[in-house]
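# Commentary on secondary and tertiary structure
One letter stands for each residue in the lines below.
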Amino acid sequence: MSLPLPRLSFEHVALALAKREPAPCVQWMRVPPGARAFLTAQLFRRLGRPVLYLCADEREAEEASRELSAYLGPGAVAAYPSVEAAPYEPISPYLPAVHDRMRALRHLFEGPPAVVVAPVASAVSKTLPPEVFRDAVTGVAPGDTLDVDAFAARLVELGYARLPAVADPGDFAVRGGIVDVYSPAHPLPARLLMDDDVVESVRWFHPGTQRTVPAGGTGLLAEAGAAGEPGPKDRLSVLPCSQVITRERYLAAACGVPNGDVGDPEGVGRAPNRGLASGFPVWKEALRQGIRFHGVDALLPRLYGRAATVFRYLPEGAVVVAVDSVSCLAAARGAFAEAEENHALAGEEAGFPGPGELVAPEGDPLAALAGVPLLAFDGIEVPPFGRKEPLRGDAEVDGNEDIRRSTATASSEGLLYPLAGEAKAWWKRGERFVLSSLSPSQADRMEDLLSRYALPLTRVDTLREALGRDRGVYLCVSEVTRGFRAPELGAAVVTESEVFGEKTRARRARHEPAAL
């Protein structure tokens with residue numbers, strides 16, 4: 001019979017993870033699903049260090065991103081999603097997902113600190129190595145000298161599309177002394193006004209109206225800046241828009257041209273024989289011309305000498321949080337097994353790199369996680385990712401599983417009488433009790449239903465604002481559907497979905513923030 005586990009308070013966990021040497025490992029057992037993101041957000045604020053938040057699947061990662069954004073604000077959370085193209089599959093990656101990944105890598109690489117949320121299959125799939133990413137990222141500010149033609153060529157190499165007018169991230173346009181660039185690093189496109197070869201100003205504008213925003217930025221730009229977007233407001237940061245950078249030296253390396261001249265078709269013809277009738281893989285001619293054909297991302301190791309996982313981008317002191325480490329490890333094995341199967345079916349014949357060069361085998365993430373501070377939200381007492389002697393204990397946090405039951409069996413005094421009584425008790429203890437609805441109309445309905453119970457109810461705009469205040473009962477709108485009760489931290493969140501039952505919510509397609 002297993003012995004009961006000790007209780008681990010938030011303070012205990014925070015102090016353990018604050019240590020640098022040796023790298024701590026904490027296994028927090030049976031933490032309610034709705035509390036994981038909140039506790040991670042509190043740890044992020046406490047430690048002030050980057051966090052990589054690993055989930056076993058995409059659905060949990062999307063839910064965690066919504067919850068973390070509600071607790072921290074969208075500027076402190078970055079998604080590192082799947083590109084929705086399996087290794088060796090002859091389709092192009094989903095561009096908004098690629099842009100999300102570039103933004104996440106930038107946060108890890110140069111800050112400011114953020115919580116990067118990644119499903120494990122995405123974390124173990126490899127991307128461009130850190131040194132290539134560092135070389136690709138550039139910035140433009142007023143007063144810089146800029147060769148417009150060379151700058152336009154650089155943008156094309158990074159995956160930008162030259163168009164008459166910009167509309168989406170990854171577009172750029174050149175019209176006389178005006179250069180418009182829509183970098184994934186920013187919520188709005190930038191307009192560079194040139195005075196000969198000197199950047200006179202950098203302004204932001206709405207792609208729909210083409211109108212510039214006032215000085216200092218408003219709307220989405222101001223929100224992003226307030227939420228922690230790095231860099232001054234008049235500096236354009238240029239991120240890659242593709243994992244495949246078509247610079248000549250990379251193309252030459254991938255094509256196996258000894259003299260580095262990708263314009264020499266004979267050099268391509270002298271590439272090693274891959275068993276094809278032409279004497280070299282059919283993709284080499286397309287790549288020699290800088291064409292990003294369907295499935296070209298399988299050539300990342302050939303282009304850069306190697307590819308790297310997101311773990312290679314973790315700065316010193318970064319904390320890794322894993323939701324269900326056993327399922328995460330199984331998902332990592334499944335991702336590698338899929339890559340092996342696809343390579344046997346199509347990749348090997350086409351002359352593409354082996355599966356271990358595109359997806360990390362099981363030993364790689366284990367090695368990467370061996371020397372970093374690790375927090376695992378687990379339900380099974382198995383050492384997370386092979387870490388020995390983790391600090392293990394139960395959390396002093398409760399879920400809201402009984403909320404729906406109490407409202408369904410409420411007395412004649414009213415459907416929400418038990419909920420109102422609990423909220424008043426938290427308020428009397430000097431703590432915060434927050435009710436969250438999914439929409440303003442639902443919040444209006446909840447406010448009306450609670451009006452008969454004489455609660456000291458205060459309506460606020462966001463969940464983050466409610467939890468940042470002192471004692472009280474608050475009502476807000478957020479996308480959070482899973483709540484918790486954390487007496488140690490003096491906070492409870494109850495969602496309308498938990499009170500009345502969760503409505504079926506279809507998975508929304510990912511999209512990038514766009515100017516309205």
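Residues numbered from 1 in each chain as written. Predicted model: local features only at pLDDT ≥ 70, side-chain atom pairs only at ≥ 80, totals over all residues. Heavy atoms only, no water.

### Quick word on the sheet that holds strand β20 (residues 491-495)
Quick reminder of the rule: Think of it this way: DSSP has to see at least two bridges between two strands before they count as a pair. The secondary structure listing takes helices from DSSP runs of H or I that are at least 4 residues long and strands from runs of E that are at least 2 residues long, numbered from the N terminus. Axis definition: a line fitted to C-alpha atoms, limited for helices to the stretch in contact. Angles are taken between N-to-C directions and run from 0 to 180 degrees. Contact criterion: two residues are considered in contact whenever any of their non-hydrogen atoms come within 4.5 Å of each other.
Spatially, five strands are ordered β17-β18-β16-β20-β19 in an open sheet, and the strand pairing comes out mixed. With one partner strand each, in any of the chains shown, β17 (457-459) and β19 (484-486) form the two edges of the open sheet. Pairs of neighbouring strands in the sheet enclose a mean axial angle of 20 degrees, with direction left out of account. In the packing of helix α17 (residues 417-428) onto the sheet, the strands contacted are β16 (432-437), β18 (472-477), β19 and β20, and the crossing angle to β16 comes to about 140 degrees. Contacts from helix α18 (residues 440-450) reach β16, β17 and β18, with the element oriented near 160 degrees to β17.

### As for the layout of surface pockets
Test applied: Grid points spaced at 1 Å and placed over the protein atoms alone form the basis of the search, with a cavity being a set where a 1.4 Å probe fits but cannot get out and a pocket an open set showing protein on both sides within 12 Å along at least five of seven lines. Lining residues have an atom within 4 Å of a point. Grid points are joined across faces, edges and corners, and a volume is the space filled by probe spheres set on the points. In the scheme used here, Gly and all other residues not listed as nonpolar or charged are polar, with Ala, Val, Leu, Ile, Met, Phe, Trp, Tyr, Cys and Pro taken as nonpolar and Asp, Glu, Lys and Arg as charged.
Roughly 450 Å³ of internal volume is contained in the second largest pocket. Along its surface, the second largest pocket is lined by 24 residues, and Val83, Ala85, Ala86, Pro87 and Ser125 are the ones closest to its centre. Breaking the lining of the second largest pocket down by element, the ones donating at least two residues are α5 (120-124) and α13 (325-350). Classifying every residue of the lining of the second largest pocket gives 13 nonpolar, five polar and six charged.

### Describing the packing of aromatic side chains
This is how the line gets drawn: Only the six-membered ring of Trp is used, alongside the rings of Phe and Tyr, when aromatic pairs are assigned; centres must lie within 6.5 Å, and planes under 30 degrees apart are stacked while those over 60 apart are edge-to-face, with the rest tilted. Burial classification: accessible surface area is computed with a 1.4 Å probe over protein chains only, and a residue below 20% of its type maximum counts as buried, one above 50% as exposed, and the rest as partly exposed. By definition here, charges over rings are those cases where NZ of Lys or CZ of Arg is within 6 Å of the ring centre and within 35 degrees of the ring normal.
Counted according to the given criterion, the structure contains twelve aromatic pairs. With 6.4 Å between their ring centres and 70 degrees between their planes, tyrosine 71 and phenylalanine 484 make a pair best called edge-to-face. On the criterion of sequence distance, the pair formed by tyrosine 71 in helix α3 (residues 58-72) and phenylalanine 484 in strand β19 is long-range, its members being 413 residues apart. Classification of tyrosine 71 as buried rests on a relative accessible area of 2%. Each ring, one from tryptophan 283 and one from phenylalanine 352, has its centre 6.0 Å from the other, and the planes form 15 degrees; the classification is stacked. Of the two residues, tryptophan 283 sits in helix α11 (residues 283-288) while phenylalanine 352 sits in the loop between α13 and α14 (355-358), which places them 69 residues apart along the sequence. There is no split in this pair, since tryptophan 283 and phenylalanine 352 are both buried. The ring centre of tryptophan 426 lies 4.9 Å from the NZ or CZ of arginine 429, which sits over that ring. If you follow arginine 445 out to its NZ or CZ, it ends over the ring of phenylalanine 500, 4.9 Å from the centre.

### Topic: the side chain of glutamate 496
Quick note on the threshold: We call two N or O atoms a polar contact when they sit within 3.5 Å, provided that within protein one can donate a hydrogen and the other can accept it, with sequence-adjacent residues counted only if both atoms are side-chain atoms.
In this fold, glutamate 496 is placed in helix α20 (residues 496-500). Using a relative accessible area of 5% as the deciding quantity, one classes glutamate 496 as buried. At 2.6 Å, the side chain of glutamate 496 forms a polar contact with the side chain of serine 437. Setting aside anything within four residues of it in sequence, one finds glutamate 496 in contact with Ser436, Ser437, Gln442, Ala443, Arg445, Met446 and Gly501.

### Description of the packing of helix α1 (residues 10-18) against helix α2 (residues 33-47)
Condition: The scheme is simple: roughly parallel for angles under 35 degrees, roughly antiparallel for over 145, roughly perpendicular for 65 to 115, oblique for anything else. Here a crossing is called left-handed whenever its near helix is offset anticlockwise from the far helix by less than a right angle, and right-handed whenever the offset is clockwise.
Contact geometry of α1 with α2 gives a least axis separation of 11 Å together with a crossing angle of 50 degrees. Judged by the angle between their axes, α1 and α2 are oblique. For the crossing formed where α1 meets α2, the hand is right-handed. Of the residues in α2, those touching α1 at Phe10, Glu11, Val13, Ala14, Leu15, Leu17 and Ala18 are Leu39, Gln42, Leu43, Arg46 and Leu47. For the contact of α1 with α2, the class distribution of residues is nine nonpolar, one polar and two charged.

### Looking at empty space enclosed by the protein
Tallied over the entire structure, the rule returns four cavities of 30 Å³ or more. As for the second largest cavity, its lining consists of Leu54, Val120, Ala123, Val124, Phe311, Cys328, Leu329, Ala332, Pro365, Leu369 and Phe385. Among the elements of the structure, α5 and α13 are those that each provide at least two residues to the lining of the second largest cavity. The residue makeup of the lining of the second largest cavity, split by class, is eleven nonpolar, no polar and no charged.

### Remarks on α18
Counted only if it meets this: To obtain the arc, one takes the directions from the helix axis to the C-beta atoms.
For α18, every residue scored as buried is listed here: Gln442, Ala443, Met446 and Leu450. An end-on view of α18 places all buried positions within 100 degrees of arc, on one side of the element. Away from its buried face by more than 90 degrees, α18 exposes Pro440, Ser441 and Asp448. Packing partners of the buried residues in α18 comprise β16, β17, β18 and α20.

### Remarks on unusual backbone geometry
Leave glycine aside and you will find that most residues have negative phi; peptide bonds, for their part, are mostly trans. Between glycine 111 and proline 112 the backbone carries a cis peptide bond, its omega angle lying at -5 degrees. Assignment of secondary structure puts proline 112 in the loop between α4 (95-110) and β5 (115-119). Notably, glutamate 389 is not glycine yet its phi reads approximately 50 degrees, a positive angle. Looking at the secondary structure, you find glutamate 389 in the loop between β14 (374-378) and β15 (391-395).

### Quick look at the nonpolar core
What tends to happen in soluble globular proteins is that the nonpolar side chains get buried as a cluster. The following threshold applies: Buried Ala, Val, Leu, Ile, Met, Phe, Trp, Tyr and Cys residues form a nonpolar core when they are joined through side-chain atoms within 4.5 Å.
Counting residues in hydrophobic clusters, the biggest one holds 85 residues, and the most contacted among them are Leu52, Leu54, Phe151, Leu192, Leu236, Leu287 and Leu303. In terms of residues, this core owes the most to one element, α13, which gives seven residues. Setting aside residues up to four positions removed in sequence, phenylalanine 151 forms contacts with Val140, Leu146, Val179, Val181, Leu192 and Val238.

### Considering the confidence of the model for the protein
Under the convention used in this document: Residue-level confidence of the predictor, termed pLDDT, takes values from 0 up to 100.
For the protein, per-residue confidence averages 87 on the pLDDT scale, and residues scoring 70 or more make up 86% of the total. In the model, residues 222-231 has pLDDT below 50 throughout and makes twelve contacts with residues more than four positions away in sequence or in other chains. Below a pLDDT of 50 lies the segment residues 265-279, which in the model reaches 26 contacts outside its immediate sequence neighbourhood of four places, other chains included.

### Things to note about the environment of valine 117
Secondary-structure assignment places valine 117 in strand β5. Setting aside residues no more than four positions away along its own chain, valine 117 makes contact with Tyr53, Cys55, Ala61, Ala64, Ser65, Leu68, Val77, Ala78, Ala79 and Tyr80.

### Regarding the side chain of aspartate 180
By secondary structure assignment, the location of aspartate 180 is in strand β9 (residues 178-181). Here aspartate 180 falls in the buried class, since its relative accessible area comes to 1%. Looking at aspartate 180, its side chain comes within polar contact range of the side chain of arginine 175, at 3.1 Å. Within the structure, the side chain of aspartate 180 is placed 2.9 Å from the side chain of arginine 191, a separation counted as a polar contact. Filtering out sequence-adjacent residues up to four positions away, aspartate 180 remains in contact with Val166, Asp171, Phe172, Ala173, Arg175, Ala190, Arg191, Phe205 and Gln210.

### As for the sheet that holds strand β13 (residues 319-323)
Strands pair in a sheet through their backbones, by hydrogen bonds, and they do so in one of two ways: parallel or antiparallel. If you walk across this open sheet you meet the eight strands as β1-β15-β2-β14-β13-β3-β5-β4, and the pairing is parallel. Every other strand in the sheet has two partners, leaving β1 (7-8) and β4 (77-79) as the edge strands with one partner each. On top of the sheet, α2 reaches β2 (25-29), β3 (51-55), β5, β13 and β14; it is set at about 165 degrees to β3, its chief contact. Strands β3, β4 and β5 of the sheet are contacted by α3, whose axis makes an angle of about 165 degrees with β5.

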